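Per-entry structural report
Each chain, letter by letter, is given below.
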Amino acid sequence: MRNSPLMRTLLLLLLIAASGQSVADAQRDYNLGIEAYRDGDLAEAADYFERSAGKGYVEAQVELAGMYLKGEGVEKDAADAASWYLKAARQGHAGSQYKLAQLFREGNGVTRDTTRTYRWLRRAALQGLADAQYDLGLAYLHGDGIRQDSTRAARWFLHAAEQGLARAQYQLAAAYFQGTGVEKDAGLAARWLKRAAEQGDEKSQFDLGMLHAYGTGVEQDYDEAIYWLVEAAGQGSSQAQFNLGVIHERGLGVEEDLGKAAEWFRKAAERGDPAAQFSLGKLHVLGKGLPTDYVMAYTWLTLAAAQEYPDATRSLRILEEQMSPHQVGEAQKISRELWNSIRQSSLD
């Protein structure tokens, strides 16, 4: 009777029912954990997630791992975070595989291990996780922990770029522009740059603007160049700000306007760009676009010279002959204050 087909069938049905109930309980605990987290009760959320995670519910394992990593509702513990990420990763959760790769790369909660880093990174990448594909591309590009291979790097960048990851689109554009791992193609580089630029990627906006200014891979078009450079400048790109100054100073595709040039040079100079600092100093010396002001000219040239910008030191010596010792002292004082301000801004 014990081994009868009927008994085996009944036992199987009981196991299936118990399994189904366990899954339902795990999902219920997970949902309660989400509610508690949204209400700000992190300790209760962690408790519910742990109950659900212990029953093998992968989403709860992921949430609990994140809480241990950040110290939310539980004592911060990277080792516990890694343990829960490992459980989720083994169930095929791509995001957990990626996080686990990061932990092995950093030696955070686990022993630093290059082999395990790239094993988990590759698993996440093969599942289509764009961030993992991008990181794997970078690793192949630089030979970071694995054999350098520009072709494989470009291939992984392409996978991530096709999913819309802007930084991968930028790297792929660079590969096409330089012919690294792919056949050199400035036109394709420009097309990938545009896709990233349209997503707001600052470096892509700057590079695309410069391609339009020079007519490389695209038709020369200063309106387009200015548009993309202004976009990058608005995000704080000192290179874009400086080049906008050059465009207005030289009247490239626009009417020459030294006042606007000075405005853009100042923005870049205040972000520490030595070329902009030199250009601003020059305009102050000549009184073009700005009032003639030897003190401010000396100030900006001093900052450019401190960064070894060509001709800045020689220009300072020539200018100093036209100034009184009091003016030089004042300029040196202002330059120290500006330098400290620039350094502080770069740290913020």
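What this report covers is the structure whose coordinates are included nearby. (Residues numbered from 1 in each chain as written. Predicted model: local features only at pLDDT ≥ 70, side-chain atom pairs only at ≥ 80, totals over all residues. Heavy atoms only, no water.)

Roughly 180 Å³ of internal volume is contained in the largest pocket. What lines the largest pocket is simply Phe-278, Lys-282, Val-285, Tyr-294, Leu-301, Ser-315, Ile-318, Leu-319 and Gln-322. Put simply, the parts of the chain that give the lining of the largest pocket at least two residues each are α15 (274-286), α16 (294-306) and α17 (312-320). (1 Å grid on protein atoms, 1.4 Å probe; cavity = no way out; pocket = protein on both sides within 12 Å on 5 of 7 lines; lining within 4 Å. Points joined across faces, edges and corners; volume = space filled by probe spheres on them. Helix = DSSP H or I, 4+ residues; strand = E, 2+ residues; numbered from the N terminus.)

Now for the packing of aromatic side chains. Per the counting criterion, the structure on display carries 6 aromatic pairs. Between Tyr-30 and Tyr-57, the ring centres sit 5.3 Å apart and the planes meet at 45 degrees, which makes this aromatic pair tilted. Taken together, the residues span a long stretch of sequence, with Tyr-30 in helix α1 (residues 5-38) and Tyr-57 in the loop between α2 (42-54) and α3 (58-70) at a distance of 27 residues. Aromatic side chains Phe-278 and Tyr-309 sit 5.2 Å apart centroid to centroid with 40 degrees between the ring planes, which places their arrangement in the tilted category. Highlighted residues: Phe-278 in helix α15 and Tyr-309 in the loop between α16 and α17, separated in sequence by 31 residues. Cluster of aromatic residues (ring-pair linked, three or more members): Tyr-30, Phe-49 and Tyr-57. (Phe/Tyr/Trp six-rings, centres within 6.5 Å; stacked < 30°, edge-to-face > 60°.)

A word on a negative patch on the surface. Among the surface-exposed residues, Glu-35, Asp-39, Asp-41 and Glu-44 lie close enough to one another that they form a single negatively charged patch. Mapped onto the secondary structure, Glu-35 falls in helix α1. Overall, the relative accessible area of 47% leaves Glu-35 in the partly exposed class. (Patch = residues over 30% accessible without salt bridge, like charges linked within 9 Å, V, L, I, M, F, W, Y side chains within 5 Å. Areas by Shrake-Rupley, 256 points an atom, 1.4 Å probe, with all protein chains shown as cover. Salt bridge = Lys/Arg side-chain N within 4 Å of Asp/Glu carboxyl O. Lys, Arg positive; Asp, Glu negative; His and termini not counted. Charge placed at Lys NZ, Arg CZ, Asp CG, Glu CD. Buried < 20%, exposed > 50% of the residue type's maximum accessible area, 1.4 Å probe, protein only.)

On to the nonpolar core. Of all hydrophobic cores here, the largest spans 56 residues; its most connected members are Phe-49, Leu-64, Tyr-85, Leu-100, Leu-121 and Leu-136. Among all residues touching Phe-49, those that are not within four sequence positions of it are Tyr-30, Gly-33, Ile-34, Ala-60, Glu-63, Leu-64 and Met-67. Membership of the second largest hydrophobic core comes to 17 residues, among which are Phe-242, Ala-261, Phe-265 and Leu-290. (Core = buried A, V, L, I, M, F, W, Y, C linked by side-chain atoms within 4.5 Å. Contact = heavy atoms within 4.5 Å.)

Attention now moves to helix α9 (residues 166-178). Between its terminal C-alpha atoms α9 stretches 18 Å, which fits the 18 Å expected from 13 residues at 1.5 Å a residue. Three or more residues of α9 are buried, namely Ala-166, Ala-168, Gln-169, Tyr-170, Gln-171, Leu-172, Ala-173, Ala-175 and Tyr-176. Against α7 (130-142), α8 (150-162), α10 (186-197) and α11 (202-214) lie the buried residues of α9. At the C-terminal side of α9, Gly-179 shows a positive phi close to 70 degrees. (Expected span 1.5 Å × (residues − 1).)

The terminal C-alpha atoms of helix α4 (residues 78-90), which comprises 13 residues, lie 18 Å apart, in line with the 18 Å expected from a rise of 1.5 Å per residue. Every buried residue of α4 is accounted for by Ala-78, Ala-81, Ala-82, Trp-84, Tyr-85, Ala-88 and Ala-89. Elements that come into contact with the buried residues of α4 comprise α2, α3, α5 (94-106) and α6 (114-126). The N-terminus of α4 is capped by Asp-77, whose side-chain oxygen sits 3.0 Å from the backbone nitrogen of Ala-79. Note on α4: the residue one or two positions beyond its end, Gly-92, has a positive phi of about 95 degrees. (Polar contact = N/O pair within 3.5 Å; in protein donor to acceptor, adjacent residues only side chain to side chain.)

One can describe the packing of α9 onto α10 by two numbers: an axis separation of 8 Å at closest approach and a directional angle of 165 degrees. Between α9 and α10, the angle falls in the class roughly antiparallel. In this structure, the crossing between α9 and α10 has a hand that is left-handed. Of the residues in α10, those in contact with Ala-166, Gln-169, Tyr-170, Leu-172, Ala-173, Tyr-176 and Phe-177 of α9 are Ala-186, Leu-188, Ala-189, Trp-192, Leu-193, Arg-195 and Ala-196. For the contact of α9 with α10, a count of residues per class yields 12 nonpolar, 1 polar and 1 charged. (Axes fitted to C-alpha atoms, helices over the stretch in contact; angles between N-to-C directions. Parallel < 35°, antiparallel > 145°, perpendicular 65-115°, else oblique. Left-handed = near helix turned anticlockwise from the far one by under 90°. Nonpolar A, V, L, I, M, F, W, Y, C, P; charged D, E, K, R; others polar.)

Turning our attention to the pattern of salt bridges. A complete count under the given rule lists 13 salt bridges for this structure. Across the pair Arg-105 and Asp-135 runs a salt bridge whose closest N-O atoms are separated by 3.9 Å. Within this pair, whereas Arg-105 is found in helix α5, its partner Asp-135 is found in helix α7, the two being separated by 30 residues in sequence. Take Arg-105: its relative accessible area is 30%, and that puts it in the partly exposed class. As a salt-bridge pair, Asp-311 and Arg-314 come within 3.8 Å of each other at their nearest N and O atoms. A relative accessible area of 45% means that Arg-314 is categorised as partly exposed.

Assignment of secondary structure puts Asp-113 in the loop between α5 and α6. Residue Asp-113 is classed as buried on the basis of its relative accessible area, which comes to 18%.

Functional significance is not addressed by these values, which are geometric in nature.
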